[in-house]
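# Topology and contacts: notes
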Amino acid sequence: MRKKERQLITLGLVVLFAAIAWWAYNGHASPGVLLNLEDNSTDGTNTTNYQLAVSDLAASTDQVTGHVIVSFKLTNEEHFNISSVQVLYALNVADPQNATFSVLNATAENGTYTAEIPSRFGDVVYYKVKVVYDGDKVLKSEVQSITVADTTAPELKSVSIDLKAITDNSTNTTTYNFDITLNATDNDQIATYYVYYLDLGNSTSLPANATFNVVNSTTPELSVAGITLNDNYAFYFVVEDVSGNKATLYNETAPLVIQANSSATWPQVYPTANQTG
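All of these numbers come straight from a predicted model, not from anything done at the bench.

Quick notes on the rules
Residues numbered from 1 in each chain as written. Predicted model: local features only at pLDDT ≥ 70, side-chain atom pairs only at ≥ 80, totals over all residues. Heavy atoms only, no water. Salt bridge = Lys/Arg side-chain N within 4 Å of Asp/Glu carboxyl O. Buried < 20%, exposed > 50% of the residue type's maximum accessible area, 1.4 Å probe, protein only. Helix = DSSP H or I, 4+ residues; strand = E, 2+ residues; numbered from the N terminus. Contact = heavy atoms within 4.5 Å. Phe/Tyr/Trp six-rings, centres within 6.5 Å; stacked < 30°, edge-to-face > 60°. Lys NZ or Arg CZ within 6 Å of the ring centre and 35° of its normal. pLDDT = per-residue confidence, 0-100. Pairing = 2+ DSSP bridges. Axes fitted to C-alpha atoms, helices over the stretch in contact; angles between N-to-C directions. Core = buried A, V, L, I, M, F, W, Y, C linked by side-chain atoms within 4.5 Å.

### Describing the pattern of salt bridges
Enumeration over the complete set of coordinates arrives at two salt bridges. Here Asp-162 and Lys-164 are joined by a salt bridge, their closest N and O atoms 3.8 Å apart. Residue Asp-162 is classed as buried on the basis of its relative accessible area of 15%. By relative accessible area, Lys-164 is classed as partly exposed at 36%. Of the charged contacts in the structure, one is a salt bridge between Lys-164 and Asp-179, with a shortest N-O distance of 3.7 Å.

So, in structure tokens, the structure goes:
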């Protein structure tokens, strides 16, 4: 075979194999050509990188118990072997970055993790999430904080008023007091009970620019001394909890008005069935 013919045959083969390579590169099958269409990774699996992360981290205060409820989610958790999910917390510490944290195991429901921290109203709670996964790998969130605030007002349900006669045998004189008991409850603790009162004399209406007197106590039993028999008295009542939330029964523009009548049956409870506070 002549040299020139051999060169033409060689050139033709080069063109043919180049065409086959182009065809294979563009994903086409060709008779007699084997193509490797598997994943190019070493193990033949998807090489997508997933990142485990804490998301939607939040905390709220249970207004009944004062406990803090921490909730969060774990992004991409289905791609990891998770061995523990915990909430770490510390109460009222000076340096939360170096504090000793207590540990709670978080529980999961419908993709949301929660843990209940046994705090009290007024506490400053520091917390973070710790996740152990894929053997000994650890994921931790940044330290967060919440002040446990009581935002629920007390409930002042009723008052009991009793007109008491006090006799001084040495002078043979009798004076009168109103002994008053406030029936109130609070989700935390009531700090102060108040009784506001005003002697109306023979009137049942408030005078212009009326100024009420006040007595207060840390207990629900209070006394208003120096009552003038048969005068009318205007009252309203307030309770305040340790967080400053207040509840009022009656008020300074629509008070409870009663008469200091010694012939009436005492004690009396207000509001009555026909009254509203």
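### Considerations on the side chain of Asn-177
Relative to the helices and strands, Asn-177 resides in strand β11 (residues 173-185). Given the relative accessible area of 14%, Asn-177 is considered buried. When neighbours within four sequence positions are excluded, Asn-177 is seen to be in contact with Asp-162, Leu-163, Lys-164, Ile-166, Ser-223, Val-224, Ala-225, Gly-226 and Ile-227.

### Points about the packing of aromatic side chains
Tallying each qualifying case throughout the model produces ten aromatic pairs. Ring centres of Tyr-194 and Tyr-196 lie 6.2 Å apart, and the angle between their planes is 25°; on these two criteria the pair is classed as stacked. Following the ring pairs from residue to residue traces out a cluster consisting of Phe-178, Tyr-233, Phe-235, Phe-237, Tyr-250 and Trp-266. In this structure, Lys-128 is placed above the aromatic ring of Phe-101, and the distance from its NZ or CZ to the ring centre is 4.5 Å.

### Observations concerning the confidence of the model for the protein chain
On average, residues of the protein chain carry a pLDDT of 87, and 81% of them reach 70 or more. Confidence drops under pLDDT 50 across residues 20-44; counting only partners more than four residues distant or on other chains, this segment forms twelve contacts.

### Section: the sheet that holds β11
Ordered in space as β14-β11-β10-β18, the four strands form an open sheet in which the pairing is antiparallel. Each of the sheet's edge strands pairs with one partner strand only, and the pair in question is β14 (221-227) and β18 (268-270). Within the sheet, the average angular offset between the axes of one strand and its neighbour, ignoring direction, is 25°. Sheet topology places β11 next to β14; five bridges connect them, and they run antiparallel. Across the sheet, residue Tyr-176 finds its bridge partner in β14, namely Ile-227.

### Considering the nonpolar core
In this structure, Ile-161, Phe-178, Ile-180, Leu-182, Phe-235 and Phe-237 are the most contacted members of the largest nonpolar core, which totals 35 residues. Elements with a minimum of two residues in this core: β10 (155-168), β11, β12 (190-201), β14, β15 (232-241), β16 (246-249) and β17 (256-259). Not counting the four nearest positions on each side in its chain, Phe-235 is found in contact with Phe-178, Ile-180, Val-195, Tyr-196, Tyr-197, Phe-212, Val-224, Tyr-250, Pro-255, Leu-256 and Ile-258.

### So, the sheet that holds strand β6 (residues 112-117)
Two pairing modes exist for strands in a sheet, parallel and antiparallel, and in both the strands are linked by backbone hydrogen bonds. What the four strands build is an open sheet, ordered β1-β2-β6-β5; its pairing is antiparallel. Two strands bound the open sheet, and with one partner strand each, they are β1 (53-61) and β5 (107-109). Each strand axis lies, on average, 25° off the axis of its neighbour in the sheet, ignoring direction. Pairing analysis gives five bridges linking strand β2 (residues 68-75) to β6, with the strands arranged antiparallel. In the sheet register, Val-70 faces β6, and the bridge partner there is Ala-115.

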